[in-house]
Amino acid sequence: MTNHMKYYVLFGPPGAGKGTQAGSMVERYHLCHLSTGELLRSEIAAGTELGKQAKALIDAGNLVPDEVVEGMIESKFRSTKGVDGFLLDGFPRTIAQAEALDSMLAKSGEGVTACVSLMIPDALIHERIAHRATIEGRADDARPEIVENRIKTYHAKTEPLIAYYRKAGKYHEIDGVGSIDAVRERIFSVMDQF
Ligand code: ADP
C-alpha cells in the first residue's frame, strides 16, 4: 500500500457527532469531506431519480443499496482535486461497502489510512437526535420509531465494521461523550499520528 492520499473512515452510530467534528478535521488535515447522508439529501432536494428512490428508504430508517453509495463515492474520488485526502463520513456502512472501498483503492495501490470511531452509548443517541430534530428538521430524525430503526440498522449492519477495521489494524476508537472541544482534541491526538 503506497498511499498518495489519506483515506479516513469517520465511523460511529447515528448522532455520534460525525458531522459536528468533520469540519475541523477537514480543515486541519486538508481533506475533502464526503458525507453519503449529505450527498443523498442533496439528490433528494434536486429531485433526481436516485433521490426519489433513496427518499423512501431513508425516511423509513433503512439503508440505500450498496451500489448507489459506492458509485457516488467512486465518482467523487475521481472528480476531487487539490486535497491531501478524504474524510469518509457515513461510508462504509456495511461490510460489502467496506470491501468495495478496499477494492476501489487497491486499483491504484492505495488503502484506508485509519478508521476513526466516535463512540457514544445508545441512550445518548436518542437524546442527541431528538435535539437535532428540533434544529435541522430532517424527516428521518422526527419520529422515534424511525430513529429506533436506524439504531437497529446500525447495530445489525454497520457495527460489524468495528471488527473488520480492528482486524486490519486500522481501528481507533474515541470517546464521543463530552464537550465538542474535548472530543475534537481526542480526535486530533489520534489523527496527528498519520
Ligand atoms: P446519521 O448521521 O444520523 O447517521 P446520515 O446523514 O449519515 O445520518 O445518513 C442518513 C441516511 O442516509 C441513513 O439513515 C441511510 O438511510 C442513508 N445512508 C447514508 N449513508 C449510507 C450508506 N453508506 N449506505 C446506505 N445508506 C446510507
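You'll find the structure just up there.
Residues numbered from 1 in each chain as written. Predicted model: local features only at pLDDT ≥ 70, side-chain atom pairs only at ≥ 80, totals over all residues. Heavy atoms only, no water.

Undergrad: Account for the overall build of the protein, with residues named and values stated.
TA: Along its length, the protein carries 10 helices and 5 strands. Whereas a compact globule of 194 residues would reach a radius of gyration of roughly 16 Å, the protein reaches 16 Å, a difference of no more than 12%. With respect to the three principal axes, the spread of C-alpha positions in the protein is 45 × 40 × 30 Å. Considering the protein as a whole, with its 194 residues, one finds that 46% of them fall into the buried category. Pairs at least 24 residues apart make up 76% of the contacts formed inside the protein by residues separated by at least 6 positions. Side-chain charges in the protein split into 23 positive and 27 negative, and the spacing between the mean points of these groups amounts to 1 Å. (Helix = DSSP H or I, 4+ residues; strand = E, 2+ residues; numbered from the N terminus. Rg over C-alpha atoms; globule rule 2.2 N^0.38 Å. Buried < 20%, exposed > 50% of the residue type's maximum accessible area, 1.4 Å probe, protein only. Contact = heavy atoms within 4.5 Å. Lys, Arg positive; Asp, Glu negative; His and termini not counted. Charge placed at Lys NZ, Arg CZ, Asp CG, Glu CD.)

Undergrad: Tell me about helix α4 (residues 66-79), and name the residues and values.
TA: Its 14 residues place the ends of α4 20 Å apart at the C-alpha level, agreeing with the 20 Å of an ideal helix rising 1.5 Å per residue. For α4, the full list of buried residues reads D66, V69, E70, M72, I73 and F77. End-on view of α4: buried residues confined to an arc of 160 degrees, all on one side of the axis. Away from its buried face by more than 90 degrees, α4 exposes E67, R78 and S79. In the core, the buried residues of α4 are packed alongside β1 (6-11), β2 (31-35), α2 (36-46), β3 (85-89) and α5 (95-106). (Expected span 1.5 Å × (residues − 1). Arc of directions from axis to C-beta.)

Undergrad: So what about the environment of A22? Which residues, and what values?
TA: As for its position among the elements, A22 is in helix α1 (residues 18-29). The class for A22 is buried, based on a relative accessible area of 0%. Between the alpha carbons of A22 and S179 there is a distance of 15 Å; along the sequence they are 157 residues apart.

Undergrad: I'd like a rundown of the state of the cysteines, residues and numbers included.
TA: Within this structure, the stated rule accounts for 0 disulfides. We note that C32 lacks a disulfide partner, and the nearest cysteine sulfur, in C115, lies 18 Å from it. Assessed through its relative accessible area of 1%, C115 is described here as buried. (Disulfide = S-S within 2.5 Å.)

Undergrad: Please give an account of the packing of α4 against α5 that cites residues and values.
TA: Interhelical geometry of α4 versus α5 gives an angle of 30 degrees and a closest axis separation of 10 Å. Considered as vectors, α4 and α5 are oriented roughly parallel to each other. When you trace α4 past α5, the crossing you get is right-handed. Counted together, D66, V69, E70, I73, E74 and F77 of α4 and A96, Q97, A100, L101, M104 and L105 of α5 form the full contact between these two elements. (Axes fitted to C-alpha atoms, helices over the stretch in contact; angles between N-to-C directions. Parallel < 35°, antiparallel > 145°, perpendicular 65-115°, else oblique. Left-handed = near helix turned anticlockwise from the far one by under 90°.)

Undergrad: Just give me the short version of the site of the ligand, but keep the residues and values in it.
TA: Near the ligand you find 18 residues, and of these T36, N62, G90, R93 and R150 are the closest. The side chain of Q97 places a nitrogen or oxygen atom 2.9 Å from a nitrogen atom of the ligand. Between the ligand and the protein, one listed contact pairs an oxygen atom with a side-chain N or O atom of R138 at 3.1 Å. For the ligand, the protein covers 96% of the area, taking 560 Å² as the surface of the free molecule. For the shell around the ligand, the element with the most residues is α2, which contributes 4 residues. (Near = heavy atom within 4 Å. Polar contact = N/O pair within 3.5 Å; in protein donor to acceptor, adjacent residues only side chain to side chain. Areas by Shrake-Rupley, 256 points an atom, 1.4 Å probe, with all protein chains shown as cover.)

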